[in-house]
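So you can see what is in the structure, the chains are spelled out below.
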Amino acid sequence: MENVLSKSSVDELQRSLSGSLIRPGDAEYDRARRGFNALIDRRPAVIARCVNADDVAIALGFAQAYELDVAVRGGGHNPAGHCVSDGGLVIDLSGMRRVAVDAKERIARADGGATWLDFDSATQAHGLITPGGVVVSTGVAGLTFGGGIGHLTAQYGLTCDHLIGAELVVPDGTVVHASAGENPDLLWGLRGGGGNFGVAMRLEFRLQPLQYVVGGHLVYRGEGVREALRCYREVVTRSPRDLSCQVALGVDQSLIPVLEIFPCYTGPEENPEELRSLRAAPGLIEDNLRRHAFLDQQRLIDTAYGEKRHYWKGHFVREIPDELLDELLRRIVALGRPPGGIMIESLHGASKDADAPPGAVGFRGAAFNVSLMAVWKDPALDSEQIAWARESAAAVEPWSFNGGGYVNYMQADEPIERLRATFGAETFDRLQKLKQRYDPRNILHRNQNIPPN
Ligand SMILES: Cc1cc2nc3c(=O)[nH]c(=O)nc-3n(C[C@H](O)[C@H](O)[C@H](O)COP(=O)(O)OP(=O)(O)OC[C@H]3O[C@@H](n4cnc5c(N)ncnc54)[C@H](O)[C@@H]3O)c2cc1C
C-alpha cells in the first residue's frame, strides 16, 4: 500500500527537504494555494516550497510514488491556474528568486521562481534589460516558456529569443542542461513549448543595454476611439523598430468605449512622428507620455492578484481591418456592462527577424495578438462572463492567423487541436517527441499540455 498518502509519509517528505512543506490547516495554506485567477479555487494535498534541485527531485519522486498530480508554481499568474491542483502536490518555486547579473558578459541567471520585478530590478542596476512581460509580478520562467510579449517586443523580439540556457530537473529526478552546445533541441522546445519538459531551476538570458524609454499611456474616450484604434493600426503597420505598442479596449459604466494605448519608444527623439500621430488621434482625454526609467514603464500596468475571476480567449490575427475593429467595438458593449477588456498586442519588428533563435513558438508571422479578457468578481456572473469571452473570440476567428492562440493566456479547456494549430502540425509533432524523451509519463501535464509521442 505504498501509494496511500499518510501523515508519516508527508512528515518523511518534510524531513528530506531543505525547503518547507505547507499542508491543509497550516496558517500559510490558503495564501500559498491562491493563484492570480480567483476563478480557480483548488486544494492541493501538499505544497513543497523547494529551495534547490534536490528538493525538486525529491518532490517529483514523492509525487510519483504516491500517484499525486504535480503542479509547478512560479509567479502564480497563469490564467488557467496550472500552478495548483486539487489533492495534488505543488512544486512551489517562490522561494527561489535570485537573479545574478554578469554585466561584463551581459548575461543574467534567474532562479526558477524569479518574477519580472526580481529580474528587472537586478538587471536595471547595471542599465541592462531582457524584454519581459508588462506586469512585474509574473514569473520569468512561465512567461518565457510560452514566448513572452511585452513593452520591448518590437525592439528586441520575444523573451524566449533571449533565453540562451536553462537547468532543469526532469521528472525522473535528473538534472538536464539546455543551451546551444548541450541539448539544443531542448532549448528549442523551451522557447515556446511551455513547462512541459522539466522544472527549471535556472534560466540564462542575454542582456541588452537600456535605461530610459519614452512611455506611459494615452487614454481615449467616446466616439473618437474607433479612429484612435485605426491610427494605432496605421502606426504599428509601418513597423517602427523602436516603438512597441499595446492597447486595451474597454467601456466605462455608461458603456462608452475607453481605449488605453501603451507605447514604449526607445529611439533618439523626444516626440517622434509615431507618438505625434497617436497624440493627434480623436478622443484623447489623457496623455502622460514622458521619458522615464524602464522600471517605471514596467510598473505602468498592475492588476490585483487573486481577487478577480478571469476567463481569457484570443487569436493571433493576420491583420486588423476596419471590419474587425467594428466587431471588437460591438463586442465590448455586447454584455450590457463592462465585461473586462480586449487587449491587442502588436507583433511588428524584431519578433519577425529571420535570424531570431530557432524556437517552437508558432506565432511570429501573425500581425497582432487579440485577447478577449473577461474579468469579474461575482461568481453568479461566471457563465455570462465566460460566454462573452467565448463568443467574442469566435467573432474574431475569421481573421485568425493559424487557428491557434497564445499558450500564455489560454484557459485549461482548450482542446488539443487548438494547441496543435498554435504550433503547427510539424512543430507540435517535434514537441511531442521531445516530451517523450524528457517526460514520457506526462507527469508535468498541468500546462498547455503536449502529450508524449
Ligand atoms: C496579470 C498578467 C499579466 C501577464 N502579462 C504577460 C505579458 O506581458 N506577456 C506575456 O507574454 N505573458 C503575460 N502573462 C501570461 C503569463 O506569462 C503566463 O500566464 C505564464 O504562464 C505565467 O507564469 P507564472 O510563473 O507567473 O505562472 P504560474 O501559474 O506559476 O506557472 C504557469 C506554468 O508555467 C510553468 N512554469 C512556471 N515556472 C516554471 C519553472 N520554473 N519550471 C518549469 N515550468 C514552470 C508551469 O507549467 C506552470 O504551470 C500575464 C499573465 C497575467 C495574469
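The preceding data block contains the structure.
Residues numbered from 1 in each chain as written. Predicted model: local features only at pLDDT ≥ 70, side-chain atom pairs only at ≥ 80, totals over all residues. Heavy atoms only, no water.

### Observations concerning the site of the ligand
Near the ligand lie 35 residues; those nearest to it are G74, G76, I149, A200 and Y406. A distance of 2.9 Å separates an oxygen atom of the ligand from a polar atom in the side chain of N78. A distance of 2.9 Å is found between an oxygen atom of the ligand and a backbone nitrogen or oxygen belonging to N408. When the free accessible area of the ligand is taken as 950 Å², the share hidden by the protein chains comes to 97%. Contributing elements (two or more residues each) for the shell around the ligand: strand 3 (70-73), helix 5 (140-146) and strand 10 (199-206). Among the elements that make up the shell around the ligand, the one with the highest residue count is helix 5 (four residues). When its residues are assigned to classes, the shell around the ligand shows 16 nonpolar, 17 polar and two charged. (Near = heavy atom within 4 Å. Polar contact = N/O pair within 3.5 Å; in protein donor to acceptor, adjacent residues only side chain to side chain. Areas by Shrake-Rupley, 256 points an atom, 1.4 Å probe, with all protein chains shown as cover. Helix = DSSP H or I, 4+ residues; strand = E, 2+ residues; numbered from the N terminus. Nonpolar A, V, L, I, M, F, W, Y, C, P; charged D, E, K, R; others polar.)

### Considerations on the pattern of salt bridges
One pass over the full model with this rule turns up 33 salt bridges. R49 is the partner of E28 in a salt bridge, and the nearest nitrogen-oxygen pair spans 2.8 Å. Highlighted residues: E28 in the loop between strand 1 (20-22) and helix 2 (29-32) and R49 in strand 2 (residues 46-49), separated in sequence by 21 residues. Note on E28: relative accessible area 36%, which makes it partly exposed. Overlapping salt bridges bring together E227, R230, R233, E234 and D322 as one network. (Salt bridge = Lys/Arg side-chain N within 4 Å of Asp/Glu carboxyl O. Buried < 20%, exposed > 50% of the residue type's maximum accessible area, 1.4 Å probe, protein only.)

### Observations regarding the side chain of Q298
Here Q298 shows up in helix 10 (residues 294-298). There is a polar contact of 3.0 Å between the side chain of Q298 and the backbone oxygen of G133. Aside from chain neighbours lying at most four places away, what touches Q298 is D120, G133, V134, V136 and H151. (Contact = heavy atoms within 4.5 Å.)

Treat this as a map of the structure, not an account of what it does.
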